[in-house]
Amino acid sequence: MTTLWLVIQREFVSNVLTSQFIIGFLICLMSTAAAVFVQVEDYEKRLAAYHIAVQEHQKTAQTWDLYSQINPKAHRKPNPLSIFNVGMEKSGADMVSIQLATPIWEKDAQKQGSDNPFLSILLAIDAIFVFKIIFSALAILFAYNTISGEHEDGTLKLVLSNPIPRDTLVVGKYIGGMLSLFPMVVISFIIGILIAYTSPATDFNSADLFRLVAVLILSLLYMSTCYLLGMLLSVWTKEATTTLILSMFIWGILTILHSNIATFAVMKFPPYQPQAEKEILQHIQQRWEDFREERDAYILKKWGYEHPASAVSPISEGNFLVAMYTSLPEEIGYSEFYYIQQIHIVDVSKFQEVLGYQEPLRIDYANQAEALLRQREQVEERNKQFAKDISRFSFADAYRFAVGAITDTDRESYQDFIRRSRSYKRQVVDYLTGKNAFSARAWFSSDQGAAAFKDLPVFQNPHASLFQSFSRASSDILILLAWNIVLFIGVYVSFLRYDMS
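Calculation criteria
- Within any chain, residue numbers begin from 1 and follow the written order of that chain's sequence.
- The predicted origin of the model limits local features to residues at a pLDDT of at least 70 and limits the giving and counting of side-chain atom pairs to 80 or more, whereas totals for whole chains, interfaces and linings rest on all residues.
- Side-chain descriptors were evaluated using all non-hydrogen atoms of the structure, hydrogens and water having been removed beforehand.
- For helices the rule is a DSSP run of H or I covering at least 4 residues; for strands it is a run of E covering at least 2, with both sets numbered from the N terminus onward.
- We define a polar contact as two N or O atoms separated by no more than 3.5 Å, with the added condition that, inside protein, one atom must be a possible hydrogen donor and the other a possible acceptor, whereas residues neighbouring each other in sequence contribute only through side-chain atom pairs.
- In this analysis, two residues are considered to be in contact whenever any of their non-hydrogen atoms come within 4.5 Å of each other.
- Throughout this description, the term salt bridge denotes a Lys or Arg side-chain nitrogen within 4 Å of a carboxyl oxygen of Asp or Glu.
- Burial here depends on accessible area, computed with a 1.4 Å probe over protein chains only, as a share of the maximum for the residue type. Under 20% is buried, over 50% is exposed, and the range in between is partly exposed.

A word on the side chain of threonine 407
And then number 1: Locating threonine 407 in the fold gives a position in helix 12 (residues 395-407).
And then number 2: Of note is the side chain of threonine 407, whose polar atom sits 2.7 Å from the backbone oxygen of valine 403.
And then number 3: Side-chain polar atoms of threonine 407 contact the side chain of threonine 409, separated by 2.9 Å.
And then number 4: Leaving out residues up to four positions away in the same chain, threonine 407 has contacts with Asn79, Leu81, Asn85 and Val215.

The structure is reproduced here in structure tokens:
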């Protein structure tokens, strides 16, 4: 144990007492602080925009006096942990409009983010990006000459001439190297948290802090993987320059190129072919044609007159119903707004009965159209998941995916928002059905009293629980652990067989 401690101490001191350590420490500290500072400012703006959007929607909702005017909004509140890992926070929709006769389609949801591509790139640099790129490169730079460098200058031969077992030496070098990286990671991370806490907009709870601790542990595990990769290549090569070139080449492939190549390849040659968007829209338009035919057939059979095809149709002698169509042929929804002339004297009981039949039917057809869009989305998600499965074989991407799941900023959390928006739409429909709103006079006129929305369901979008987040991250955490085990065994076995000649 004493020998092991001496090796650890020697490796730690030799790393810390170098200009490389000081410069690297300063670079990591400043880059992490800068990334967090930029993301805090951006989070404050997104949070302010969220509160403004919610307030504006609440004011708009107070002006509704007809059930047909109902148009709730599902807003996605910014996640404070996106300060450290942006993930999908700024690349997806942040608001979904709930319209009864319009399918919820991610493509039509309100997007957020900057229109300036250069600013968007800057805002995508977060603390985890810094850890993934800069810290990992630093770990490689610390490890590349642990064996080949000492072999080249003759130090390794001198050390092994002493009664030091090779296994003790390799384990000591690994522990000493990690201990020299440990303060860089921990202090940079703590500084980032302190900067985030200075903002009055951040509202970290105990669960968020637990997630941040988990991210810190994952970051140390990721640093260990990079350090072990450098050590393994240092054992396999005889010259430090060769080790450095080979290490940086492999590092570049695994941290930068691998994921981009996998994503591009899957996009170019998708294993699952989604139906063309144009065909989907044609099918949706056919659904609305079917709706009109079914609705008009019902009216003709029950009341003996056709539904207004464009403008005017008699309800009773001397009185008229004016129907105004707002949906365009290329739109995915189909909405109608009605105005009845001489509403104060006309008997609208027939019209109310028609609405009681046609509006639930319209919602049913909207659900059919949404199912078509969802099928296409599911195929696209399978392609994205396939690209992710390929990417996660890289320890850098496994680290990124694991952090995204733990901070609840990954694509799965975004999909949860879209799913909850659709679930919220069903709640609104059930709410209107329970009030018999479709056949109520307040659906189209407030002359005998406005519609009441005091008990309208409110959209809820809670974050995933800790258990759910860690379940989603478990496979990527296991991949990181597997990389560490395999690389350590490779270093250990290779050094035991190391040829000093």
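That was the structure; now back to the text.
Description of the pattern of salt bridges
And then number 1: For the structure on display, the rule yields 27 salt bridges.
And then number 2: Its salt-bridge partner being arginine 76, residue glutamate 89 comes within 3.8 Å of it at the nearest N-O pair. Within this pair, whereas glutamate 89 is found in the loop between strand 1 (73-75) and strand 2 (93-97), its partner arginine 76 is found in the loop between strand 1 and strand 2, the two being separated by 13 residues in sequence. For the pair glutamate 89 and arginine 76, one class covers both residues: buried.
And then number 3: Among the salt bridges present, the one from arginine 411 reaches glutamate 381, with a minimum N-O distance of 2.6 Å. With a gap of 30 residues between them, arginine 411 in helix 13 (residues 411-434) and glutamate 381 in helix 11 (residues 349-391) connect regions that are remote in the sequence.
And then number 4: Judged by its relative accessible area of 21%, arginine 411 is partly exposed.
And then number 5: Connected through salt bridges with shared partners, the residues Asp42, Arg46, Arg76, Glu89 and Lys90 form a single ionic network.

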